[in-house]
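Coordinate analysis (summary)
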Amino acid sequence: MKIVACYSNKGGVGKTATSVNLAHALARAGRRVLLCDLDPQGASGFYFRVKPSKKLGDDRFFTDVKRFTDAIRGSDFDGLDILPANMSFRDFDIFLSRMKNSRSRLKKALKAAQGDYDVVLLDCPPNISALSENVFRASDAVVVPVIPTTLSERTFEQLVDFFRDEKLPRKKIVAFFSMAQATKKLHAETAERLRKAHPKRFVDVTVPFSTEVEKMGVHRAPVATFAKSSPATEAYDALWRAVAERL
Ligand SMILES: Nc1ncnc2c1ncn2[C@@H]1O[C@H](COP(=O)(O)OP(=O)(O)O)[C@@H](O)[C@H]1O
Ligand SMILES: [Mg+2]
């Protein structure tokens, strides 16, 4: 079982769009997938029409295997299950930081799902905290959408620095360009600079800025279900192949 996180220390860059479309691409390719919605806002569950867990979770959520597995829901797609966002994720960070061995807690919890899934995808909230450290340690790959703009470039550098300072393996980072606009000179220049600075971190995949991706909210479904041959669908398929090569 491989664990793949969709992560960025920046909000609104396409983490959830990536999680949802990668999960769907994987299930279509015959893999058994569990998508964990770790963001209390519950956006990836929303796209898959899975309601947030009503039960208020508590500190035991990730230490109690039964609680964890009981919360998993099916989706409309074969081979694709969802762990909906849980209110307890709001305080998850505080809980993790208080716990002994907190840095590997998530990894232990996810082991409960081993055998049932080929891939566990984590849709993460945006920050560098106890939860992110758990995510980085638990994951085999950390997929990072980067909008090719100056601010995103800066936050990407911060992420790479964090990995170096914490002695986390930087090879786990799989970055790609998200919401890229071919007509923007700044996008092209920033992308080129980032690729040059981090040739091993960036895969050769660019998800374009696409109204089809925006329409996921209207359809409440992955982009491939209503825009089969769109550039965005092709890009997410390519992204999955690129991630698989790294695993
Ligand atoms: N490739 C894209 N093209 C256009 N809009 C996008 C694209 N990816 C994401 N969006 C939109 O940008 C917003 C933020 O995306 P989201 O995936 O929720 O980001 P995050 O999870 O990083 O906060 C959403 O409204 C989404 O529809
Ligand atoms: Mg999100």
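Shown above is the structure to which this text applies.
An account of the accompanying structure is given in this report. The structure displayed is predicted, hence computed values, not measured ones. Starting from 1, residues in each chain are numbered consecutively following that chain's sequence as written. Written order decides the labels, with chains lettered from A and ligands numbered from 1. For this predicted model, a pLDDT threshold of at least 70 governs which residues receive local features, and a threshold of 80 or more governs which side-chain atom pairs are given and counted, while totals over whole chains, interfaces and linings are taken from all residues. The basis for every side-chain value is the complete set of heavy atoms in the structure, and neither hydrogens nor water enter the calculation.

**Let's talk about the overall build of the chain**
Quick note on the threshold: Strands here are runs of E lasting at least two residues and helices are runs of H or I lasting at least four, both read from the DSSP assignment and numbered beginning at the N terminus. Residue exposure (1.4 Å probe, protein chains only): buried if accessible area is under 20% of the type maximum, exposed if over 50%, otherwise partly exposed. Contact between two residues is taken to exist if any of their heavy atoms lie within 4.5 Å; hydrogens are not considered. Calculation of accessible area relied on Shrake-Rupley with a 1.4 Å probe; when residues are assessed, cover is drawn exclusively from the protein chains displayed.
When its secondary structure is counted, the chain shows 12 helices and eight strands. Within the chain, the proportion of its 247 residues that are buried is 53%. Pairs at least 24 apart in sequence give 78% of the contacts found in the chain among residues at least 6 apart. Surface exposure of the chain reaches about 11,700 Å², of which carbon and sulfur atoms provide 49%.

**Digging into helix α7 (residues 150-165)**
Quick reminder of the rule: Every helix has an expected span of 1.5 Å times one less than the residues it contains.
Taking 1.5 Å of rise per residue, 16 residues should cover 22 Å, and α7 covers 23 Å from first to last C-alpha, within 8% of that figure. What α7 keeps buried is the set Ser 152, Glu 153, Thr 155, Phe 156, Leu 159, Val 160, Phe 162 and Phe 163. Just beyond α7, the residue with positive phi is Lys 167, at close to 55°.

**Some details on the sheet that holds strand β5 (residues 119-123)**
Put simply, the test is: Two strands are said to pair when DSSP picks up at least two bridges between them. Here an angle of 0 to 180 degrees is reported between the N-to-C directions of two axes, which are lines fitted to C-alpha atoms, with helices fitted over the stretch in contact.
The eight strands lie next to each other as β3-β4-β2-β5-β1-β6-β7-β8, forming an open sheet whose pairing is mixed. In the strand order of this sheet, the two ends are held by β3 (73-74) and β8 (202-208), each with one partner. Relative to β5, helix α1 (residues 15-28) is tilted by about 165°, and along the sheet it contacts β1 (2-6), β2 (33-37), β4 (80-83), β5, β6 (141-146) and β7 (173-180). This element, α7, spans β6, β7 and β8 of the sheet and lies at about 160° to β6.

**Things to note about the environment of Arg 32**
Inspection of the secondary structure assignment puts Arg 32 in the loop between α1 and β2. Look past the residues within four positions of Arg 32 in its chain and what remains in contact with it is Gly 79, Gly 115, Asp 116, Tyr 117, Asp 118 and Val 119.

**Considerations on the site of ligand 1**
Test applied: By convention in this text, a residue qualifies as near a molecule or strand provided that one of its non-hydrogen atoms is within 4 Å of it. Here a polar contact is recorded for every N or O atom pair within 3.5 Å, except that within protein the pair must consist of a potential hydrogen donor and a potential acceptor, and residues adjacent in sequence are included only if both atoms are side-chain atoms. Three classes are used, and their members are as follows: Ala, Val, Leu, Ile, Met, Phe, Trp, Tyr, Cys and Pro are nonpolar, Asp, Glu, Lys and Arg are charged, and the others, Gly among them, are polar.
With respect to spatial proximity, 14 residues lie near ligand 1, and among them Gly 12, Lys 15, Thr 16, Ala 17 and Ser 210 are the closest. Between Lys 15 and ligand 1, the recorded distance is 2.7 Å, taken from a side-chain N or O atom to an oxygen atom. Here Thr 16 contributes a side-chain N or O atom positioned 2.9 Å from an oxygen atom of ligand 1. About the coverage of ligand 1: the protein hides 79% of its 550 Å² of free accessible area. Counting only elements with at least two residues in the shell around ligand 1, the list comes to α1, β8 and α9 (211-214). The biggest single contributor to the shell around ligand 1 is α1, with three residues. When grouped by side-chain class, the residues that make up the shell around ligand 1 number seven nonpolar, five polar and two charged.

**Here we look at the pattern of salt bridges**
How we decide: Any carboxyl oxygen of Asp or Glu within 4 Å of a side-chain nitrogen of Lys or Arg constitutes a salt bridge here.
Under the defined criterion, the tally for this structure stands at nine salt bridges. Across the pair Asp 237 and Arg 28 runs a salt bridge whose closest N-O atoms are separated by 2.9 Å. Of this pair, Asp 237 sits in helix α12 (residues 231-246) while Arg 28 sits in helix α1; the two residues are 209 residues apart in sequence, bridging distant segments of the chain. In this structure, Glu 133 and Arg 137 form a salt bridge, with 3.1 Å as the shortest nitrogen-oxygen distance. Of this pair, Glu 133 and Arg 137 both sit in helix α6 (residues 130-138), four residues apart, which is roughly one turn of the helix. Take Glu 133: its relative accessible area is 14%, and that puts it in the buried class.

**Notes on the nonpolar core**
Taken as a class, soluble globular proteins show a tendency for nonpolar side chains to be buried jointly. The line we're drawing: Here, nonpolar core refers to any group of buried Ala, Val, Leu, Ile, Met, Phe, Trp, Tyr and Cys residues whose side-chain atoms link them within 4.5 Å.
Counting residues in each nonpolar core, the largest one holds 36 residues, and the members touching the most others are Leu 122, Val 135, Phe 136 and Phe 156. If one sorts the elements of this core by residue count, α7 sits on top with five residues. Those residues in contact with Phe 156, other than ones at most four positions away along the chain, are Val 144, Val 146, Ile 173, Ala 175, Leu 194, His 198, Arg 201 and Phe 202. In this structure, Val 4, Leu 80, Val 174 and Val 203 belong to the second largest nonpolar core, which totals 35 residues.

**Quick notes on the environment of Leu 22**
Inspection of the secondary structure assignment puts Leu 22 in helix α1. Residue classification places Leu 22 among the buried residues on the basis of a relative accessible area of 0%.

The values are spatial; any link to function lies outside them.
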